[in-house]
Amino acid sequence: GFMYYNLARCVFNSTELKDTELIVSWYCNKLEFIRFDSSVGKFVGYTELGVKNAERLNKDQGDLASWRAQKEVYCKPNIDIKYQSA
């Protein structure tokens, strides 16, 4: 069988949103094949399949805007909690 999963993470060094990066990676059998990186602002493919999917996903500007907004929606509340508990 195949193992497929994704991982979302926020990389930050302050509570400021400008100092935050959202990275969502998709893996198949432990190999990352595509990633959304908020610093780049689009999907990046790392395998032949990932490159093809990144090209397809990056064409939809509305969907890309939604992914870019996830940095504030997903990361900001979690970062605030981490800083409060530290």
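In this text, all values refer to a predicted model and were calculated from it rather than measured experimentally.

Draft legend 1. Region of interest: the overall build of the chain. In terms of helices and strands, the chain carries two helices and four strands. Each helix (α) and strand (β) of the chain, taken in turn from the N terminus, gives the series β-β-β-β-α-α. A principal-axis box enclosing the C-alpha atoms of the chain has dimensions of 40 × 30 × 15 Å. Burial statistics for the chain: of 86 residues in total, 29% are counted as buried. Within the chain, contacts between residues separated by at least 24 positions form 32% of all contacts whose residues are at least 6 apart in sequence. As displayed, the chain has an accessible area near 5800 Å², and 55% of this comes from carbon and sulfur atoms.

Draft legend 2. A look at the state of the cysteines. Summed over all chains, the structure comprises one disulfide. Paired by a disulfide, Cys-10 and Cys-75 hold their sulfur atoms 2.1 Å apart. Taking the sign of the S-S torsion, -90° for the link of Cys-10 and Cys-75, the bridge is left-handed. In this pair, Cys-10 is assigned in strand 1 (residues 4-12) and Cys-75 in helix 2 (residues 61-85), connecting sequence segments 65 residues apart. The exposure class of Cys-10 is partly exposed, given its relative accessible area of 21%.

What counts as what
- Residues numbered from 1 in each chain as written.
- Predicted model: local features only at pLDDT ≥ 70, side-chain atom pairs only at ≥ 80, totals over all residues.
- Heavy atoms only, no water.
- Helix = DSSP H or I, 4+ residues; strand = E, 2+ residues; numbered from the N terminus.
- Buried < 20%, exposed > 50% of the residue type's maximum accessible area, 1.4 Å probe, protein only.
- Contact = heavy atoms within 4.5 Å.
- Areas by Shrake-Rupley, 256 points an atom, 1.4 Å probe, with all protein chains shown as cover.
- Disulfide = S-S within 2.5 Å.

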